[in-house]
Amino acid sequence: MKRLLALFLSVLMVLSLAACSQPAENGSDAQAPASDAAPAEDGQAPAQDSGDPIRFAVVGAMTGDSANTGIQQEWGVKLAVQEINDAGGINGRMLEYEVFDDQLIPNQAVICAEKIVADGNFDFVVSPISSGCTLASNPMFESAGLPVISATNTADHLTEQGFKNFLRICPTAGANLVQLVELAVDTYGVKAPAIFYTTAEVDTSSFETCVELLKEKGIEVVASAAVEAETEKDYNSHIANFKDAGADAIFCFSEYAPSALFVKQQYALGYDVQQFSLSGTCNPQFIEIAGKEASEGFITMSAFDATNPREQVQEFVKKYQELSDIVPGEWGAGGYDTVYVAAEAFKAGATKENMIEWLRENCNYQGVTGMISFDEKGDNPSAKALILQVKDGQYTVVE
Amino acid sequence: MFFQHLVNALSVGSVYALLAIGYNMVYGILEKLNFAHGDVYAVGCFVTYTLMLWQIHPVLAILAGMLVGFVLNLIVERFAYRPVRNAGRIVPTISAVGIAYIMRNFIQAIWGAETYPFSLGFELKSINIGGVVIGTLQLYILAIAIILMVLISMALKYTKWGQSIICISQSIPTAALMGIPVNKVIAMVYGIGAALGVIGGILFCSYYQFIFMGIGFSYGTMKAWMAAIWGGIGSLKGSIIGAMVLGLSEIFVSAYVSSAYKDVFVWLIFIVFILIRPKGMFPAEIAEKI
């Protein structure tokens, strides 16, 4: 009996540990949308014959504190795949995808990349949500000749690495920061800002760029705080320091959860100054966690506006809501556009080997996030983020 | 500003203290590293959270959460700890780590991995004394931690069960020879430890007003373990004071040294301390009492 129990517990433990790194297949994840994944039956190289599916990998945080981002991205991917397949696929070829959970941790992203490359049957990859994860995993994709397209990696230096296999459709954090700093200094008259950021790759890089941009405008940052988002949830000492330093505004660079907690604690301490943030905080969960009162007036950015009256956007919003029950944010819209951009290339006869080159030279696609084309570095020159402000518990476009 | 930091540090310390009390009960008696403590009570906290979403009265929801934590730890003790109790230190530790992973993934499967807002439903007020803001919940948490400590100390000292626990902590074979139902008492200690952990976890969630799957390991296990070591293994008073020291270290390092490398400095302080006083601030004398 004891042996049986020990065996049972051991199996449970192994399964439990394995669940941390297994791809969410066929909707096995409680929260993630059901994947259309259909793993290859053999280990042969991808066939290019008409009728064979086009298989791609989706990497993102499906578990952990930022799971919301990966799950939203997958809803967008799923919707695009459904639409394309319902319309007969791409030149008769159906789309299939498999989800890999990197938990927003770079070393986990590398493990995902190893699995994807080892599979050998993927035609392209929808990149990890976080720039840090992409930076860690992309060399492996590049060495395997796998094209990687991102709709969420905003760190400026990503496209300065010389990656030959990488394209992104979203605006860069640097470009967003220029807009944000101009708004803060020129419109709001900020003179003594403080910066709250997490130690994540993209947030540290945003912090450094923001300090430089503010310096160019003759503004010194009076205080700053870097936090480890996974283990630190109490920000009262930082808020007290900001207050003591006389900060008249706070820049928040993080995913939605840390900034939401920060804003909530700031409100509780009665310290009322304007906050500015980047797209990581443009998520309904931010308002839900921070609360309506604490989040009121919070300024953030997004590469996607769900209230845009354009027919394509509204149709996408409607279908996305039907599928997921939530209003799409930039992760969902980005995932959707990424699949359509890749589809453009395959439709024109491009293959995994020349897809990136084809997209660089020919892509001029009107997506739900805006016009998408690519420059030599792999950036989308048309990408521009919108500035949003929380009003009455809702994000409202202000610029 | 110093006083604001001090208040914040004591508040954080109070939260850690509540989490450390339940942990220290088990740790103090069996001296086994229970790395599953936080994740087990986190399940109870999520049950409370769900019941409150269903409009169940918070008191009933908390009691139900405590009951779940209690029962769950009885099961864990019976099937994961008891069979390996006499297998040295490493085997039970690994077993506990395994249970922690199972519990965390169980939470993830049922409730997901997101951070959710958490509120017990009452308005959080704060008092401003000369520019220093003190939250009323901070005061309640400190008071609850002290009351629990006193109650547990009294129960250990004046009840038959308490005396049995003290006896077991001194020598399990001797306790068994004296007719104490060792297995039953140890199981109850685990169960009560988890139920207390649920109270700590719920107050932690109320203080920060959120709940997520990581509340158990990051706070309930690691912080409680540090507080227990700092204060003295097996000492309830020690665990509270250890938690306060931990809170003070974290907040003051964060405020005056480095926020980014807070954990590095706190761990350095911790390591230096245990090198000097490996048995904590209140070692043998109190360790024998429990």
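Chain B appears in an unreviewed UniProt entry as Branched-chain amino acid ABC transporter permease from Youxingia wuxianensis. Recorded in UniProt under Sequence similarities (unreviewed entry), the annotation for chain B is "Belongs to the binding-protein-dependent transport system permease family. LivHM subfamily." UniProt lists a comment for chain B under the heading Subcellular location (unreviewed entry), and it reads "Cell membrane".

Under an unreviewed UniProt entry, the name given to chain A is ABC transporter substrate-binding protein, and the source organism is Youxingia wuxianensis. As stated in UniProt under Sequence similarities (unreviewed entry), the record for chain A gives "Belongs to the leucine-binding protein family."

Which parts of the structure should I look at to understand the overall build of chain B?
The secondary structure content of chain B amounts to twelve helices and four strands. Across its three principal directions, the C-alpha atoms of chain B cover 60 × 50 × 35 Å. Per-residue burial for chain B yields a buried fraction of 54% across its 290 residues. Considering only contacts in chain B between residues 6 or more positions apart, those separated by 24 or more positions represent 76%.

Mind showing me how you'd approach the domain arrangement of chain A here?
It is common to report an interface's size as the accessible area lost on association of the parts. Residues and elements named next belong to chain A. Along its sequence, chain A is organised into domain 1 (18-171 + 311-372) and domain 2 (173-302). A straight line from the C-alpha centre of domain 1 to that of domain 2 covers 30 Å. Taken together, the 17 residues of domain 1 in the interface contact 18 residues of domain 2. Counting residues per element, the ones that place at least two in the side of domain 1 that touches domain 2 are helix H2 (67-86) and helix H4 (131-143). No other element matches the three residues that H4 contributes to the side of domain 1 that touches domain 2. Residues of the side of domain 1 that touches domain 2, tallied by class, amount to five nonpolar, nine polar and three charged.

Looking at this structure, I do not really get the packing of helix H5 (residues 136-158) of chain B against helix H6 (residues 160-170) of chain B. What am I missing?
A pair of packed helices is characterised by two quantities: the angle between their axes and the separation of those axes. Residues and elements named next belong to chain B. Where H5 contacts H6, the two axes come as close as 5 Å, and the packing angle between them is 85°. Judged by the inter-axis angle, H5 sits roughly perpendicular to H6. Taking contact as the criterion, the partners of Ala155, Leu156, Lys157 and Tyr158 in H5 are, on H6, Gly162, Ile165 and Ile166.

Whenever I open this one, the sheet that holds strand S5 (residues 166-168) of chain A confuses me. Can you help?
Backbone-to-backbone hydrogen bonds pair the strands of a sheet. The strands run either parallel or antiparallel. All names here are of chain A. Spatially, five strands are ordered S2-S1-S3-S4-S5 in an open sheet, and the strand pairing comes out parallel. Pairing within the sheet leaves two strands with one partner each, and these edge strands are strand S2 (95-101) and S5. The mean inter-strand angle of the sheet, taken between neighbouring strand axes irrespective of direction, is 25°. Of the strand pairs in this sheet, strand S4 (residues 148-150) and S5 are connected by three bridges, and their pairing is parallel. Looking at S5, one finds that Ile149 is bridged to Leu167.

Looking at this structure, I do not really get the nonpolar core. What am I missing?
The tendency in soluble globular proteins is for nonpolar side chains to be buried as a group. One finds A:Phe56, A:Val125, B:Tyr16, B:Ala17, B:Ala20, B:Cys45 and B:Ala227 to be the most contacted residues of the largest nonpolar core, which totals 214 residues. Composition of this core by domain shows at least three residues from each of domain 1 (18-171 + 311-372) and domain 2 (173-302) of chain A. Once residues lying within four places of it in the same chain are set aside, the contact partners of B:Ala17 are B:Ala145, B:Ala227, B:Ser239, B:Ile240, B:Ala243 and B:Met244.

Which parts of the structure should I look at to understand helix H3 (residues 106-119) of chain A?
Given 3.6 residues per turn, any residue in an α-helix points the same way as the ones three and four places further on. All names here are of chain A. In this model H3 runs 20 Å from its N-terminal to its C-terminal C-alpha over 14 residues, within 8% of the 20 Å that 1.5 Å per residue would give. Three or more residues of H3 are buried, namely Gln108, Ala109, Cys112, Ala113 and Ile116. End-on view of H3: buried residues confined to an arc of 145°, all on one side of the axis. Seen from the buried face of H3, the exposed residues on the opposite side, beyond 90 degrees, are Asn107 and Ala118. If you follow the buried residues of H3, they end up packed against strand S1 (54-60), S2, strand S3 (124-126) and H4. Looking at the residues trailing H3, positive phi occurs at Gly120, about 75°.

Help me understand the packing of helix H8 (residues 182-208) of chain B against helix H9 (residues 215-231) of chain B in this model?
Residues and elements named next belong to chain B. Here H8 crosses H9 at 115°, and the two axes come no closer than 11 Å. Helix-helix and strand crossings are classified by hand; for H8 and H9 the assignment is right-handed. Of the residues in H9, those in contact with Gly197, Gly201, Phe204 and Cys205 of H8 are Ile215, Tyr219 and Gly220. Split by residue class, the contact of H8 with H9 holds four nonpolar, three polar and no charged.

Could you clarify how one ought to interpret the environment of A:Gly162 in this entry?
Inspection of the secondary structure puts A:Gly162 in the loop between S4 and S5. A:Gly162 gets classed as exposed once you count the C-beta atoms within 10 Å, which come to 9.

Would you take a moment to explain the interface of chain B and chain A for this structure?
Each partner contributes residues to the interface: chain B has 35 residues there, and chain A has 41 residues. Broken down by secondary-structure element, the contributors of at least two residues to the side of chain B that touches chain A are helix H1 (2-30), helix H3 (58-81), helix H4 (90-111), strand S3 (132-135) and helix H10 (236-256) of chain B. With six residues, the single largest contributor to the side of chain B that touches chain A is H4(B).

When you look at the UniProt feature "transmembrane region" (unreviewed entry) in chain B in this model, what are you seeing that I'm missing?
Residue and element names in this part refer to chain B. Per the UniProt entry, the sites bearing "transmembrane region" (unreviewed entry) are residues 6-26, 58-76, 88-107, 127-152, 188-212, 224-245 and 251-276 in this numbering. Overall, residues 58-76 shows 100% helix and 0% strand. The separation of its end C-alpha atoms is 26 Å. In this annotation, residues 188-212 is assigned 84% helix and 8% strand; the end-to-end C-alpha distance for the span is 27 Å.

Conventions and cut-offs
Residues numbered from 1 in each chain as written. Chains lettered and ligands numbered in written order. Predicted model: local features only at pLDDT ≥ 70, side-chain atom pairs only at ≥ 80, totals over all residues. UniProt positions renumbered as here; feature names shortened; annotations may be inferred. Helix = DSSP H or I, 4+ residues; strand = E, 2+ residues; numbered from the N terminus. Buried ≥ 20, exposed ≤ 12 C-beta atoms within 10 Å, placed from the backbone. Contact = placed C-beta atoms within 7 Å. Domains from an automatic or database assignment. Nonpolar A, V, L, I, M, F, W, Y, C, P; charged D, E, K, R; others polar. Axes fitted to C-alpha atoms, helices over the stretch in contact; angles between N-to-C directions. Parallel < 35°, antiparallel > 145°, perpendicular 65-115°, else oblique. Pairing = 2+ DSSP bridges. Core = buried A, V, L, I, M, F, W, Y, C linked by C-beta atoms within 7 Å. Expected span 1.5 Å × (residues − 1). Arc of directions from axis to C-beta. Left-handed = near helix turned anticlockwise from the far one by under 90°.

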